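# Residue-level structural notes
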Amino acid sequence: MSNRRPEQQARLTSKKHSDVALTVPAFLDTIRYHARYSLGKRWGLCSGRELFTAVALAVRDALIDRMLETEDRYQQTDPKRVHYLSMEYLLGRSLKNNLSNLRMLDLCRDALRKMGVDFEEVMEGECEAALGNGGLGRLAACFLDSLATMGMPGYGYGLNYEYGLFKQDIDNGYQKEKPDNWLIHGSPWQIERPDEACIVPLYGRIEHGIDRAGQYNPMWMDWKIIVGVPHDMPIVGFGGQTVNVLRVYSARSSAEFDMQIFNEGDYLKAVEQQIASETISKVLYPSDLVEAGRELRLVQEYLLVACTLRDIVRRYEKSHATFDQFASKVAIHLNDTHPALAVAELMRILVDEHAQPWEKAWETTQATLSYTNHTLMPEALEKWSVSLLEYVLPRHLQIIYEVNHRFLAQVASVWPDDHERLRRMSLIEEGEQKAVRMVNLALVGSHSTNGVSALHTQIVKTSLVPDFYQLWPEKFNTKTNGVTPRRWLLQANPLLADLITSTIGSDWITDLGKLRALEPYAQDPDFQQAFMMVRRSSKTLLTQIIYDRCRVAVSPDALFDVHVKRIHEYKRQLLNVMQIIHQYLRMIQDGITPPVPRVYIFAGKAAPGYWAAKQIIKLITSVGQVINADPRVQGLIKVVFLPDYRVSLAEQIVPATDVSEQISMAGTEASGTGNMKFAMNGALTIGTHDGATIEIMDEVGQENIFLFGLQVEEIRQMRAGGSYHPRTYYHRNPDIRRLMDTFASGLFCPDEPSRFRWIYESVLDRGDPYFHLADLESYIETQERVAQAFKDPVGWTCKAILNVARTGKFSSDRAIAEYAREIWNIKPSSSPPDATG
Ligand SMILES: *Cc1c(COP(=O)(O)O)cnc(C)c1O
C-alpha cells in the first residue's frame, strides 16, 4: 500500500496569532475576567466545574478570533466546501485538544500554576461530549480534526443531543445505564445561533394539484413544524490556522405554530406540543448498529438533513444566482445511511422550491452527494417502512418512488427481463411490510460510495450490492479509516510523543508518514531503553486507575492484554473469555504455569436492549471475580472490567496496552479504528484477517503482528456448504470440551449455575453463528506465541517500536487527503496573497 501524505501540511506560524502574542499574564487576566463577568464568581470561590468553564471561555476567545478569520478567508476565496453529515460525533473532552492544537498547552499550565491551580484537576471539570456510540462517531470527530489541520473548508453537521451516550455503572457484575445529562450546565464550546434557526415541516398530506401549464403539481399541506436551532462548536486544526465549525441542531417548538393553538385557548395542548417538539433531539439512540423502525429516530434523521440542507442552500444563495454551480461549490457527505434522506430532500428543494426540471435536479443531486458504507451486518442495514414514511414525510416518499421508477427503467434497459435483478435493486423492498432500503437510496443518489477498508469495500462490491457494482463500477472506492495523531498520540501519550519528537523532530504531528524515521532506532539500545521506560510509566498510571475503579491490584510488569470496544457478538469478547478460561483451567487442573503474568483488561458498553451483550459483561465480571480471588493463580492472571468506556478512558488505556485484541469474525468488522490507535502507540495486535487489521499487517510486517483464524472466503464456504459443526471441535479437542463445560456447570456463577448455559447452547446447539470454536484452537496457539514473545523484552520492544514507526498510513490526515482529492474535489484554503493585513 502506498503511504500518501496530506497534500499540504498545516503551517505552524501565523501572521496574526503567533503563540508569543499571548503571554501568561494576559491569559491569566482573561481567565479571571471570565470567572468574574461570565460566571459572576470570585476566582477563589470557583468550584472545579467553574474553574474549567472560566479556562474554557478564555480558550474560546482565541478560538472565536480564528474562526472568524477562517470564515473571512472562505468568504474571500469562495472555495468548494464539504459538509459532513453524521448522526454521531464522539468528541470526548475538548479543553486539552483545543489548547494543544492552539499550541497553548504549556502557557495554560503555567498560568494555572501561577494561580495555584492544578491543570489536570481543571480538565476533570469538563463533561465529555459523547454524542456518539463508538467507531462511527469517533471517526467523524477525527475527520473534523484532520479537515481543520489541513486547512480544508469542511463543516460537520449533527444533532445536539441533550443526553449523550448513557453512562455505564457495573452493579453486581451487570451493566446499569445512567443518563448522561451532559448539557445540564451548558457547554462553553457551543455558540447558540437562534437567528439561523431552521423551520422544518413534518407530517401532513399531499394535495394532488395541476399547475397553470397543466403539469402535475403536488402540494405538501397541513404539516406540523419543528424548529432546529444551530449550536456552533469551533474545531481548531493543529497550529491554529484554521478553525472550522461543527454545527449541531437542537429541536425547539415553533413559537408561531404554537401561538395559533394558544390563541385558540388550548393552553395545555400548546405546551404539550412544545414538549413533544423538544423531545426530538433529547437523546442519542444507544445502539452502535442501527435503530430502525422508530418514528422518533426517523424524525431525528430528517431534522439533521432538513436543517443542514437549508443551511447549505441559504449560504450558497448568498453568493450565487442560479444552481448551475451548486455541485462545483458544495460537496455533501453521508456518514452511513442515517442521513440518506438528503437524496429526497435535495430533490424536493430543487424541484419543488426552485422549480428545477427533474433531470437537471437529479444531475445536481448525484454530483453533490457521496456516501460511506460502514457495515455489512444485515440487521444494521437501515430500512424504513413505507407506511411510516408516508405518515411522517409524504412528499419525500413520493420523490423516492419517482427516483425508483426512473432508476428501474434504467436497470431494465441494461438487463431486459431480469425481474429478479429489478427486485434486488429496487429502492422498495416488497413484501408484507413494504420498506425503503436506505443503502439503495444512498447508492443511487450519490456519485461515490466508499467502504472503509480494502477488504470491506471488496465485500460491498461482491456480496452486499453486486448488482450496483456491475451497473456502476466507477462509483465504488475504498477509503481506509484513520485516527487523528493529535488526540491519539500527541495528547493521549505525551511521554511517547516527546520521545519521538526529541528523536526525529516534530513533523510527524502533521505528517505521520515521517514516523518511518524511527525504524533505525528499533535496534538502538538507548532508544529501546527510553521506549520501555515510557511504556512502564503509562502502565503504572493504568494500574492506579484499575485499582481505583475495580479494586484489583495488578503489576505493571505483567502483559497488559486489552480488549476495549462496544460489546457485540461479532466482536467476539466471548472468544477472549473462552481463551482465558482455558488458561485458568490449565493452571489449576493441569498445573501448567503460563510463560508470563497477564492482566486481561476489558471495557465497553452494551446497547441497553441487547441481552446477549449484557450477559457477556456479566460473564467477564464473573470470570474475573473467580480468577482474581483464587490464591492458586495469584500473580499470574487477572481479569478486570473497567466501567464506562469512553474517549477519555480510551486515552488512558491505549498508551498502556501491550496486546491489542482485534478478534472479530473475519468479514464483520468493516475497518476498526481502535486497532489503529493501539498499533500507533506501540501495542502489538493479536487479530483476525478482518477490516483494516489486514492493512496494519501489510504496513508493520507479518513478524510484528499476530494474525490467526479463518479468513472471509473460508468462512463463506463453510457457511454455504453447511460444513461448520461446532460439536466436532467440542468432541475432538478435550481442552475445548473442558472450557465449554464450565458454561453448563456454573463454575463461574455458583449462585445461579444455569446463568451461562445459554452460551453452551448457542455455540454447540445453535450453530455458533460467529464461529468461536472454529477459531479457538488457532487463537489459543497464537496467544501462546504472544506470551513467548513477551518473555523477550528487547525483542518485544523492537517490534513495538516498528509498529509505531510503520503506522503512519492510519492517520486520518491521509484518509481526508484521499476523500478531498478523489471524492469531494476540495483543496486546502490558504489566505490569498494580497488579503493578509
Ligand atoms: C476508537 C473508539 C472506538 C472504536 O473502537 P473499535 O475497536 O474500532 O470498535 C469506540 N469507542 C471509543 C471510545 C473509541 O475511542
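Owing to the predicted nature of the structure, the values given are computational and were not obtained by experimental measurement. (Residues numbered from 1 in each chain as written. Predicted model: local features only at pLDDT ≥ 70, side-chain atom pairs only at ≥ 80, totals over all residues. Heavy atoms only, no water.)

Contacts to the ligand come from 13 residues, most closely from Lys565, Lys571, Thr673, Gly674 and Lys677. Between the ligand and Thr673 there is a distance of 2.8 Å, counted from an oxygen atom to a backbone nitrogen or oxygen. Contact distances for the ligand include 3.0 Å between an oxygen atom and a backbone N or O atom of Gly674. Those elements that place two or more of their residues in the shell around the ligand are helix H24 (647–653) and helix H25 (674–680). Of the residues in the shell around the ligand, the class split is four nonpolar, five polar and four charged. (Near = heavy atom within 4 Å. Polar contact = N/O pair within 3.5 Å; in protein donor to acceptor, adjacent residues only side chain to side chain. Helix = DSSP H or I, 4+ residues; strand = E, 2+ residues; numbered from the N terminus. Nonpolar A, V, L, I, M, F, W, Y, C, P; charged D, E, K, R; others polar.)

This part takes up the pairing of strand E10 (residues 216–221). Strand direction decides the pairing type here: strand E9 (residues 205–210) and E10, joined by six bridges, are antiparallel. Note on E10: the bridge partner recorded for Glu207 is Met219. Hairpin connection from E9 to E10: five residues lie between these consecutive antiparallel strands, with Gly214 at a positive phi of about 85°. (Pairing = 2+ DSSP bridges.)

The final tally for this structure, using the stated rule, is 66 salt bridges. Here Lys176 and Asp171 are joined by a salt bridge, their closest N and O atoms 3.1 Å apart. Given a relative accessible area of 41%, Lys176 falls into the partly exposed group. Overall, Asp171 belongs to the partly exposed group, its relative accessible area being 40%. We note a salt bridge from Glu345 to Arg348, for which the minimum N-O separation is 3.1 Å. Of the two residues, Glu345 and Arg348 are both situated in helix H11 (residues 342–353); the distance of three residues between them amounts to about one turn of the helix. Judged by relative accessible area, Glu345 falls into the buried class, the value being 0%. The class of Arg348 is buried, set by a relative accessible area of 5%. Bridged by salt links that share partners, the residues Glu71, Arg81, Arg193, Glu196, Asp232, Arg247, Asp311, Arg314 and Arg315 form one connected network. (Salt bridge = Lys/Arg side-chain N within 4 Å of Asp/Glu carboxyl O. Buried < 20%, exposed > 50% of the residue type's maximum accessible area, 1.4 Å probe, protein only.)

Right, let's talk about the side chain of Gln662 for a bit. Within the secondary structure, Gln662 sits in strand E23 (residues 659–662). Classification of Gln662 as buried rests on a relative accessible area of 6%. Among the polar contacts made by the side chain of Gln662, one reaches the side chain of Lys565 at a distance of 2.7 Å. Those residues in contact with Gln662 that lie beyond four places of it in its chain are Lys565, Gly674, Asn675, Phe678, Thr685, Ile686, Gly687, Thr688 and Thr693. (Contact = heavy atoms within 4.5 Å.)

By size, the foremost hydrophobic cluster in this structure holds 281 residues, and its most contacted members are Leu95, Met740, Phe743, Leu773 and Trp824. Looking at which element gives the most residues to this core, the answer is helix H9 (residues 295–319), with twelve residues. For Leu95, the residues in contact, after removing those within four places along its chain, are Phe52, Val55, Ala56, Val59, Phe119, Val122, Met123, Glu126 and Trp189. (Core = buried A, V, L, I, M, F, W, Y, C linked by side-chain atoms within 4.5 Å.)

Let us now look at the packing of helix H22 (residues 573–590) against helix H29 (residues 734–745). One can describe the packing of H22 onto H29 by two numbers: an axis separation of 9 Å at closest approach and a directional angle of 105°. Looking at the two axes, H22 sits roughly perpendicular to H29. Along its contact with H22, which presents Leu574, Met578, Ile581, His582, Leu585, Arg586, Gln589 and Asp590, the element H29 presents Asp735, Arg738, Leu739, Met740, Thr742 and Phe743. When the residues that make up the contact of H22 with H29 are grouped by side-chain class, the tally is seven nonpolar, three polar and four charged. (Axes fitted to C-alpha atoms, helices over the stretch in contact; angles between N-to-C directions. Parallel < 35°, antiparallel > 145°, perpendicular 65-115°, else oblique.)

Turning next to unusual backbone geometry. The phi dihedral of Arg103 is positive, around 60°, even though this residue is not glycine. Counting through the fold element by element, Arg103 comes out in the loop between helix H3 (95–101) and helix H4 (105–114). Of the residues examined, Arg103 reaches a relative accessible area of 39% and is grouped as partly exposed. With a phi close to 55°, Phe771 is a non-glycine residue in the positive phi region. Inspection of the secondary structure assignment puts Phe771 in the loop between helix H30 (757–764) and helix H31 (772–790).

Turning our eyes to something else, we now look at the sheet that holds strand E22 (residues 637–641). Pairing is parallel in the open sheet, where six strands are placed in the order E22-E21-E20-E23-E24-E25. Each having just a single partner strand, E22 and strand E25 (706–707) make up the two edges of the open sheet. The strands touched by helix H23 (residues 611–628) within the sheet are strand E21 (598–603) and E22, with E22 carrying the most contacts at an inclination of about 145°.

Per the UniProt annotation, the sites labelled "modified residue: N6-(pyridoxal phosphate)lysine" (unreviewed entry) are Lys677. The topology assignment puts Lys677 in helix H25. The exposure class assigned to Lys677 is buried, which follows from its relative accessible area of 8%. When sequence neighbours within four positions are dropped, the list of residues in contact with Lys677 reads Arg138, Val483, Trp488 and Val654. (UniProt positions renumbered as here; feature names shortened; annotations may be inferred.)

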